[in-house]
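Given next are the chains, with one letter for each unit.
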Amino acid sequence: FLAAPPLAMSVSPASRFSSVISGSLLGLLVIFRDVSFALVYCTPLALQSSKTLMMATLLLSSCAAQVVYSFRHSLPTVIACTSSAAVPFQSIIASSIAATVEPEAVTPTVMATFAAIAVINGLLLLLLGFLPHMDILKS
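Residues numbered from 1 in each chain as written. Predicted model: local features only at pLDDT ≥ 70, side-chain atom pairs only at ≥ 80, totals over all residues. Heavy atoms only, no water.

**Some points on the overall build of the chain**
Quick note on the threshold: Numbering of helices and strands runs from the N terminus; a helix is a DSSP stretch of H or I covering at least four residues, while a strand is a stretch of E covering at least two. Residue exposure (1.4 Å probe, protein chains only): buried if accessible area is under 20% of the type maximum, exposed if over 50%, otherwise partly exposed. Every residue pair with non-hydrogen atoms within 4.5 Å of one another is taken to be in contact. Computed by Shrake-Rupley with a 1.4 Å probe, the accessible areas treat only the displayed protein chains as cover when residues are assessed.
What the chain contains, in helices and strands, is five helices and zero strands. When each of the 139 residues of the chain is scored for burial, the buried share is 18%. Sequence-distant contacts in the chain: of pairs separated by 6 or more residues, those separated by 24 or more amount to 56%. By element, 75% of the accessible surface of the chain is carried by carbon and sulfur atoms, the whole surface being about 10200 Å².

Here it is, written out as C-alpha cells:
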C-alpha cells in the first residue's frame, strides 16, 4: 500500500512574520551574549588584543552549533549559544593561562583549551546517552 502524502500545512502571513521577528530577536540575543562573553574572557591584559578573535570565534561556534542542533535535534527550534554558567569558570581558566604562559602564546593556548573543553564536554554528553535509563532524561 502506498502511504498518502502528508497534508500541506497552510501558514498565515502573520505567523511567518512573527517567526521572522522572533528569530531575529533571538539572533540578536545570541550575538549580544557572545560579544559579552568574549569581553569577559578577554579581561586578562594579555588577551586584550584578542577581543575581535574571541568574538568572531564565539559567533561562528554559535552559528555552527545552531545548524547542527536544528538539523539533528528532536526539537529543531532549540537555541544554541554559549552557556552563561560556564563563563566564570572559563574566565578563570583564561586568566590562569595568561598568568603562566608567554604573552604571544596566550591566545592560541586559551583557544585550544576552550576547544578541548568543548570536545570533552560533547564526548561526555554523548557517552551519557548510552547509559541505561537515560530515556527518562530524553523525554
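Still to come is the rest of the account.
**A look at helix α3 (residues 87-100)**
A turn of α-helix holds 3.6 residues, and therefore any two residues three or four places apart point the same way. Just so we agree on the cut-off: By this rule the span expected of a helix is its residue count minus one, scaled by 1.5 Å. Summarising the geometry, the arc corresponds to the directions from the helix axis toward the C-beta atoms.
Taking 1.5 Å as the rise per residue, α3 with 14 residues should run 20 Å; its terminal C-alpha atoms sit 20 Å apart, in good agreement. Listed in full, the buried residues belonging to α3 are V87, Q90, S91, A94, I97 and A98. When α3 is viewed along its axis, its buried side chains cluster within an angular range of 125 degrees and face the same direction. Away from its buried face by more than 90 degrees, α3 exposes F89, I92, A99 and T100.

**Remarks on the environment of L39**
Among the secondary structure elements, L39 is positioned in helix α1 (residues 13-41). Discounting chain neighbours no more than four positions away, the residues touching L39 are K51 and M55.

**Some points on the packing of α3 against helix α4 (residues 106-128)**
Our working rule: Helix axes are fitted only over the stretch in contact, all axes being lines through C-alpha atoms; the angle between N-to-C directions runs from 0 to 180 degrees. Less than a right angle of anticlockwise turn of the near helix away from the far helix marks a crossing as left-handed, whereas a clockwise turn marks it as right-handed. Under this grouping Gly is polar, as are all residues other than the nonpolar Ala, Val, Leu, Ile, Met, Phe, Trp, Tyr, Cys and Pro and the charged Asp, Glu, Lys and Arg.
At a minimum axis separation of 9 Å, α3 and α4 run at an interaxial angle of 145 degrees. Considering only the axes of α3 and α4, their crossing is right-handed. Only V106, T109, V110, T113, F114 and I117 of α4 make contact with α3, whose side of the interface consists of Q90, I93, A94, I97 and A98. Classifying every residue of the contact of α3 with α4 by side-chain character gives eight nonpolar, three polar and no charged.

**Side note on the side chain of Q90**
Mapped onto the secondary structure, Q90 falls in helix α3. Accessibility expressed as a relative area gives 14% for Q90, which makes it buried. Not counting chain neighbours up to four residues away, the residues in contact with Q90 comprise Y41 and F114.

**Some points on the side chain of S50**
Summarising the element assignment, S50 is placed in the loop between α1 and α2 (51-72). Relative accessible area serves as the criterion here: at 7%, S50 is assigned to the buried category. With near-sequence residues (within four places) excluded, S50 lies in contact with C42 and T107.

**Considerations on the confidence of the model for the chain**
Selection rule: pLDDT measures how confident the predictor is about each residue, on a scale from 0 to 100.
On average, residues of the chain carry a pLDDT of 75, and 78% of them reach 70 or more. Overall, residues 1-5 carries pLDDT values under 50, and its contacts beyond four positions in sequence, including any with other chains, amount to zero contacts.

**Description of α4**
Given a rise of 1.5 Å per residue, 23 residues ought to cover 33 Å, and the 33 Å separating the end C-alpha atoms of α4 matches this to within 8%. When α4 is considered as a whole, its buried residues turn out to be V106, T107, V110 and F114.

**Section: the nonpolar core**
The criterion, for reference: Only buried residues count toward a nonpolar core, which is a set of Ala, Val, Leu, Ile, Met, Phe, Trp, Tyr and Cys residues joined through side-chain atoms within 4.5 Å.
Counting residues in each nonpolar core, the largest one holds 14 residues, and the members touching the most others are Y41, L47, M54, V110 and F114. Of all the secondary structure elements, the ones that give two or more residues to this core are α1, α2, α3 and α4. Looking at which element gives the most residues to this core, the answer is α3, with four residues. When neighbours within four sequence positions are excluded, L47 is seen to be in contact with Y41, C42, A94, V106, T107 and V110.

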